[in-house]
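These are the residues of each chain, in order.
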Amino acid sequence: MIFSLEVLQAKHGDCLLLHFGEVDNRQVMVIDGGPSGVYREYLKPRLMEVKEELSPNAPLPLSLVMVSHMDDDHVNGIVALTDDLANRKRNNEQLPFIMSHCWFNTFDDIIGNLQIPRISSIETSAAAASLDEIPFPPHTGHEKAAVIASTGQGRRLRDNALFLSVAVNAPFSKPPGKARLVRGDRTNTMVDWDGLKIQVLHPNQQRLEEYQKKWDKDLEEAKRSGDERIIIASLVDKDKSAFNLSSIVCLITLEGRKILLTGDSR
């Protein structure tokens, strides 16, 4: 029985392949895709190697594609993967890989689909020059471009998943009037997945609701004062940002062996 975690070159981010299952029926899960360039330079070539080994005459099935959270250095490569597949589908080309399920908690979903004018309009490929239009707090710096870009990347990933008929965040329940999120609540804690047991430890509903209250308070204060820097400060706070607070943390078990995936959870 195979149960191994392969770490790909991901520059300053994460890009992982989980290999599992019977030797003659090995399956592959993708966890995060690293920042810009990682899909083209490392993830896609490695997946093509795996395809040649496991599925040379048909698209390689990806058991699950999971984005731990919406920081650029985790999600960019997965957006590039879905862009690639979507473009091939539009051009009626054969797909090298098949995605049937994807787990990701988008920032828009967590904050109740509230949009921030000026920020939400920035493209996912935001260049440093674009940040001149954003009211950063003093001394924040252009390295926060990835955080800003990620607000658009979540929407783009969601749109690509819809176009590719990928099930998003199944089998987690969808509360009435709310988004379907991957959560570690007691009623949703364990998922049986192609022979694996995946216990989602984080985030839970209490943590998301706590952040929602803080976010609503910041929105109200920003609206009252007309100072958008309050919103930017909420976005870029490394310990309190919605991105890190929403990290999917999983304990994956197969025949007594365990792997803990943490994202950037604090």
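Quick caveat: nothing in here was measured; it's all calculated off a predicted structure.

Reading across from one edge, β1-β2-β3-β5-β7-β8 is the order of the six strands in this open sheet, with mixed pairing throughout. The open sheet is flanked by β1 (2-7) and β8 (167-168), the only strands paired with a single partner. Sheet topology note: the strand β7 (residues 101-103)/β8 ladder contains two bridges and is parallel. Its bridge partner lying in β8, C102 is registered against V168. Against the sheet, helix α2 (residues 72-90) engages β3 (27-33) and β5 (64-66), with an angle of about 125° to β3.

Within the secondary structure, H19 sits in strand β2 (residues 15-21). On the basis of relative accessibility, which here comes to 5%, the residue H19 falls in the buried class. A polar contact is formed between the side chain of H19 and the side chain of E6, at a distance of 2.7 Å. If we ignore the near neighbours within four places in the chain, the residues touching H19 are I2, F3, S4, E6, R26, Q27, V28, R46 and V50.

Per the counting criterion, the structure on display carries two aromatic pairs. Ring plane angle 75° and centroid distance 5.1 Å describe the contact between W103 and F172, whose orientation is recorded as edge-to-face. Taken together, the residues span a long stretch of sequence, with W103 in strand β7 and F172 in the loop between β8 and β9 (190-193) at a distance of 69 residues. Using a relative accessible area of 0% as the deciding quantity, one classes W103 as buried. Measuring from ring centre to ring centre gives 5.5 Å for W103 and W193, while their planes differ by 75°; the resulting arrangement is edge-to-face. Taken together, the residues W103 in strand β7 and W193 in strand β9 connect sequence positions 90 residues apart. The pair formed by W103 and W193 is uniform in burial state, with each residue classed as buried. Among the aromatic residues, those joined into a ring-pair cluster are W103, F172 and W193. Its guanidinium or amino end placed over the ring of F163, K89 lies 4.7 Å from that ring's centre, counting from NZ or CZ.

On to α2. Helix length check: α2, at 19 residues, gives a terminal C-alpha distance of 25 Å against a target of 27 Å (1.5 Å per residue), a fit within 8%. Among the 19 residues of α2, 14 are classified as buried, and the element is accordingly described as predominantly covered. Phi for N92, located one or two positions after α2, is positive at around 60°.

Reading the values: rules and limits
Position labels on residues start from 1 in each chain and follow its written sequence. Per-residue local features are limited, in this predicted model, to residues with pLDDT of at least 70; the limit for side-chain atom pairs, both in listing and counting, is 80 or more; totals at the level of whole chains, interfaces and linings are taken over all residues. The side-chain figures draw on all heavy atoms in the structure; neither hydrogens nor water molecules are used. Strands are labelled as partners when DSSP assigns at least two bridges between them. Strands are runs of DSSP state E lasting at least 2 residues, helices are runs of H or I lasting at least 4, and numbering of each runs from the N terminus. Every residue pair with non-hydrogen atoms within 4.5 Å of one another is taken to be in contact. As a rule, the C-alpha atoms of each element are fitted with a line to give its axis, helices using only the stretch in contact, and angles between N-to-C directions run from 0 to 180 degrees. For every residue, the accessible area (1.4 Å probe, protein chains only) is compared with the maximum for its type, and the residue is labelled buried under 20%, exposed over 50%, or partly exposed between those bounds. By the criterion applied in these results, polar contacts are pairs of N or O atoms within 3.5 Å in which, for protein atoms, one can donate a hydrogen and the other can accept it, and in which residues neighboring in sequence qualify only through two side-chain atoms. In this analysis, rings of Phe, Tyr and Trp, with Trp reduced to its six-membered ring, are considered paired at centre separations within 6.5 Å, and the interplanar angle assigns stacked below 30 degrees, edge-to-face beyond 60, and tilted for intermediate values. Note on criteria: charge over ring means Lys NZ or Arg CZ within 6 Å of the ring centre, with the direction from the centre no more than 35 degrees off the ring normal. One less than the residue count of a helix, multiplied by 1.5 Å, gives the span that helix is expected to have.

Just distances and angles here, no functional claims.
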